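Each chain, letter by letter, is given below.
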Amino acid sequence: MANRLAQSTSPYLLQHADNPVDWWEWGQDAFAEARRRDVPILLSIGYAACHWCHVMAHESFEDDDVAAVVNAGFVAVKVDREERPDVDAVYMNATTALTGHGGWPMTCILTPDGDPFFAGTYFPREQFLSLLTNVTQVWTQQRADVLASGAHIAGRLREMTEAGTVDPLASETLDTAVALLRRHYDIARGGFGGAPKFPPSMVLEFLLRHHARTGDADALAMARGTAEAMARGGIYDQLAGGFARYAVDADWVVPHFEKMLYDNAQLLRVYTHLWRRTGDPLARRVASETADFIVRDLGTEEGGFASAFDADTVVDGAGVEGATYVWTPAQLAEVLGPEDGARAASLLSVTDRGTFEHGSSTLQLRQDPDDPVWWERVRQTLLAARDVRPQPGLDDKVVTSWNGLAIAGLADAGALLDRPELVAAAVGCAELIITTHVVDGRLRRASRHGVVGAAAGVADDHGNLAEGLLALHQATGDPRWLTAAGDLLAVAATHFRDAQGLVHDTADDAEQLFTRPRSQSDNAEPSGVSSLAGAWLTHAALTGSTSHREIADEALASVGSIAARDPRFAGWALAVAEAAVAGPLQVAVVGEGPTAEAMLAAVRRSDSPGLVLAHGQPDAPGQPLLASRPLVGGEPTAYVCRGFVCDAPVTDVGALERALRG
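The model shown is predicted, which means the values in this text are computed figures rather than measured ones. (Residues numbered from 1 in each chain as written. Predicted model: local features only at pLDDT ≥ 70, side-chain atom pairs only at ≥ 80, totals over all residues. Heavy atoms only, no water.)

A. Focus on the overall build of the protein chain. Broken down by element type, the protein chain carries 25 helices and 20 strands. In terms of overall size, the protein chain behaves like a compact globule, its C-alpha atoms giving a radius of gyration of 26 Å where 662 residues would be expected to give roughly 26 Å. Buried positions account for 60% of the 662 residues belonging to the protein chain. Look at the contacts in the protein chain between residues 6 or more apart in sequence, and 69% of them connect residues 24 or more apart. When the accessible surface of the protein chain is totalled, it reaches about 25,000 Å², and 52% of it is carbon and sulfur. (Helix = DSSP H or I, 4+ residues; strand = E, 2+ residues; numbered from the N terminus. Rg over C-alpha atoms; globule rule 2.2 N^0.38 Å. Buried < 20%, exposed > 50% of the residue type's maximum accessible area, 1.4 Å probe, protein only. Contact = heavy atoms within 4.5 Å. Areas by Shrake-Rupley, 256 points an atom, 1.4 Å probe, with all protein chains shown as cover.)

B. Quick peek at the pattern of salt bridges. Counting across every chain of the model gives 47 salt bridges. The salt bridge partner of Asp-22 is Arg-4, with a shortest N-O separation of 2.5 Å. Of the two residues, Asp-22 is situated in the loop between helix H1 (11–14) and strand E1 (24–25) and Arg-4 in the segment before H1; the sequence distance between them amounts to 18 residues. For Asp-22, a relative accessible area of 36% corresponds to the partly exposed category. Since its relative accessible area comes to 36%, Arg-4 is described here as partly exposed. Two residues, Arg-189 and Asp-186, come together in a salt bridge whose shortest N-O distance is 3.5 Å. (Salt bridge = Lys/Arg side-chain N within 4 Å of Asp/Glu carboxyl O.)

C. Up close: the layout of surface pockets. Estimated volume of the second largest pocket: approximately 750 Å³. In terms of lining residues, the second largest pocket is bounded by 42 residues, among which Gln-474, Ser-608, Pro-609, Leu-611 and Val-612 are the most central. (1 Å grid on protein atoms, 1.4 Å probe; cavity = no way out; pocket = protein on both sides within 12 Å on 5 of 7 lines; lining within 4 Å. Points joined across faces, edges and corners; volume = space filled by probe spheres on them.)

D. Up close: helix H20 (residues 528–543). Taking 1.5 Å of rise per residue, the 16 residues of H20 would be expected to cover 22 Å, and the 22 Å separating its terminal C-alpha atoms lies within 8% of that figure. A positive backbone phi angle near 80° is found at Gly-544, which sits one or two residues after H20. (Expected span 1.5 Å × (residues − 1).)

E. Main features of the side chain of Glu-578. With respect to the helices and strands, Glu-578 occurs in helix H23 (residues 571–582). There is a polar contact of 2.5 Å between the side chain of Glu-578 and the side chain of Arg-213. Not counting residues within four places of it along the chain, the set of residues in contact with Glu-578 comprises Leu-174, Phe-206, Arg-209, His-210, Arg-213 and Pro-609. (Polar contact = N/O pair within 3.5 Å; in protein donor to acceptor, adjacent residues only side chain to side chain.)

F. Summary view of the sheet that holds strand E16 (residues 451–452). Across the sheet, which stays open at both edges, the three strands sit in the order E12-E15-E16 with antiparallel pairing between neighbours. Each of the sheet's edge strands pairs with one partner strand only, and the pair in question is strand E12 (398–399) and E16. (Pairing = 2+ DSSP bridges.)

G. Quick peek at the sheet that holds strand E19 (residues 637–642). Strand order in the open sheet formed by four strands is E18-E17-E19-E20, with mixed pairing between adjacent strands. Among the strands making up the open sheet, the edge pair consists of strand E18 (611–616) and strand E20 (645–646). Against the sheet, helix H24 (residues 594–605) engages strand E17 (585–590), E18 and E19, with an angle of about 165° to E18. Across the face of the sheet, helix H25 (residues 653–661) comes into contact with E17, E18 and E19 while running at roughly 10° to E19. (Axes fitted to C-alpha atoms, helices over the stretch in contact; angles between N-to-C directions.)

H. Layout of the nonpolar core. Within the largest apolar cluster, 152 residues are counted, with the highest numbers of intra-cluster contacts made by Phe-128, Phe-206, Leu-207, Tyr-271, Leu-472 and Trp-536. In this structure, Val-77, Leu-110, Ala-119 and Leu-157 belong to the second largest nonpolar core, which totals 26 residues. (Core = buried A, V, L, I, M, F, W, Y, C linked by side-chain atoms within 4.5 Å.)

I. Examining the environment of Pro-369 more closely. You can see Pro-369 is positioned in the loop between helix H14 (338–347) and helix H15 (372–387). Take Pro-369: its relative accessible area is 16%, and that puts it in the buried class. For Pro-369, the residues in contact, after removing those within four places along its chain, are Leu-347 and Trp-375.

J. Seen up close, helix H12 (residues 281–298). Its 18 residues place the ends of H12 25 Å apart at the C-alpha level, agreeing with the 26 Å of an ideal helix rising 1.5 Å per residue. Among the residues of H12, Leu-282, Ala-283, Val-286, Ala-287, Glu-289, Thr-290, Ala-291, Phe-293, Ile-294 and Leu-298 are the ones counted as buried. Two or three places before Leu-282, at the start of H12, stands the capping residue Asp-280, its side-chain oxygen 2.9 Å from that residue's backbone nitrogen.

K. Summary view of the packing of aromatic side chains. Counted by the stated rule, this structure contains 17 aromatic pairs. Measuring from centroid to centroid gives 5.0 Å for Trp-23 and Phe-61, while their planes differ by 80°, and the two rings are edge-to-face. Note that Trp-23 is positioned in the loop between H1 and E1 and Phe-61 in helix H3 (residues 51–61), a separation of 38 residues in sequence. Each member of the pair Trp-23 and Phe-61 is classed as buried. A centroid spacing of 4.5 Å and a plane angle of 35° characterise the contact between Phe-198 and Tyr-246, whose relative ring orientation is tilted. Separated by 48 residues along the polypeptide, Phe-198 in the loop between helix H8 (171–184) and helix H9 (201–214) and Tyr-246 in strand E6 (residues 246–247) bring together distant segments of the chain. Residue classification places Phe-198 among the partly exposed residues on the basis of a relative accessible area of 38%. Aromatic rings pair up to connect Trp-26, Phe-31, Tyr-91 and Phe-514 into one cluster. (Phe/Tyr/Trp six-rings, centres within 6.5 Å; stacked < 30°, edge-to-face > 60°.)

L. Structural view of the pairing of E17. With six of its six residues buried, E17 lies for the most part within the structure. Of the two faces of E17, the one lined by Leu-585, Val-587 and Val-589 and the one lined by Gln-586, Ala-588 and Val-590 are each fully buried. The pairing of E17 with E18 spans six bridges and is classified as parallel. By the bridge assignment, Val-589 is partnered in E18 with His-615. What joins E17 to E18 is H24, and the crossover it makes is right-handed. (Right-handed = clockwise from strand over helix to strand, strands pointing away.)

Spatial relationships are all this shows, so hold off on functional conclusions.
Structure below.
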């Protein structure tokens, strides 16, 4: 019989709807039940594509004996971290504070008031049963100590969250960040540090911007070396495009096979910008293939983009990691024939010994094929054969924040790579999010099948969506996206900043947890504060709003100490700071026709970090940069301004290119 989770909109919670555990969704009803029964809460947090979440589910949550112990002594609460990042954040802080590390599945024991007194991650079945037994004994026999411990932990975490420092991100800090990154850079393999290796998307964007501003050759070399190593390794899907979550080794060979929208949206933008800077055909190909993967494989019927493909593929009733993606030489020969199969095996590093498990190999493309026509035929043939294999599960919820990242990536790639269909996909996504996820003027976190969930949008939902809308405005010239971004940023300025100007992850009128989360570091995606700082900064440049510039600088200063200490965890904050130091470089192009299009292409080829672009007819409504900017001599005209000080208008592309170079 299905439990309470059967009514959820979360794919992760629905995976647990048939568990014998008597799960509750997060909410006051669960806490009231814990108080009524006088038992602690077992809080389990994970997400749909999480491999070890599946393992713990099969070992423990699907087991009748384990479920009996849980149901007898606890109120069990299951949370999808992707739908409730606020809940995840506060209890992840507790987990890392208590254990020194974090991860998913996350397992916490709480008092009925929500204070954590025990935390951990994955537990094998017997260890989990032992934990439950010990907690029940302590709860019944040492209740006062448990409550005091929970209150102390919660109090200390509140103090840590409320403490704020101010350290402006000046150009010297940015130079130092590059020097620190150089110390951790893996010259032989690309990336930073050792295994496991995660795609450092935001750090790469920072390095590209730093090179564009300063000419630092090392910054470009680190960005280019890492991007090429990832693109040629097994972490990149050489057949369908798109990147896996991370590589378990230092050489990017064996991925953890889940494919996340937020990774691919950010990497799409990075490879597009790398191609703009270098003209590297590999960067262009990877950007184009990654865009195709996002639109083709993650696109939903409503126009948004799904969250992730699972790490596991179900084979004979059991989840097998990588089963969809790996190959043996014999399998290649079976699909392609002996001659082409052997040739493909050599090109793709598929060996008899294998690079993965059981003699199978991930596909790598360590060098370009000598016959691109042959390779494209082989790629399509292998992809068609792979498509009839069992496929990984799809987490099809549409998360506001990650769709904002996708809008930005598709808008940039579509405009720069001259692929208008990608811009159209970004427009369709933006229309869905604005019409479905904004309810009574406030943003919601996620939807599924066009039905929006109840969870409120957090800071990065507002920041990343606004960033995407501002990129879309610059790609299309449509003022509605500038207006929509402004509305989101006004809500964020009102509800997410406290009296000291610190940006919190949740709004001031959101559900109150035991502490109000305030994430400062960029991890898999931009933090709330850095995403909002970037969007406030861009909006200021597009509108001339000094108040937006002031709060952007204030937000950046609040994360300056992290950026200075370990830039690997402040990639987007550093990228935004590059734009703040370099800009604004405001460009307005008025008019239409071939000359205007050539001017727009020239502006888009510029990679000045602080550049913003407005285009349309003179005095077009809703676009402040076009106000009082007439055609000169009846011809399309470009206006280039630095810090609101403008050059003379130009009417030919060559003069515009010279003005952009300064």
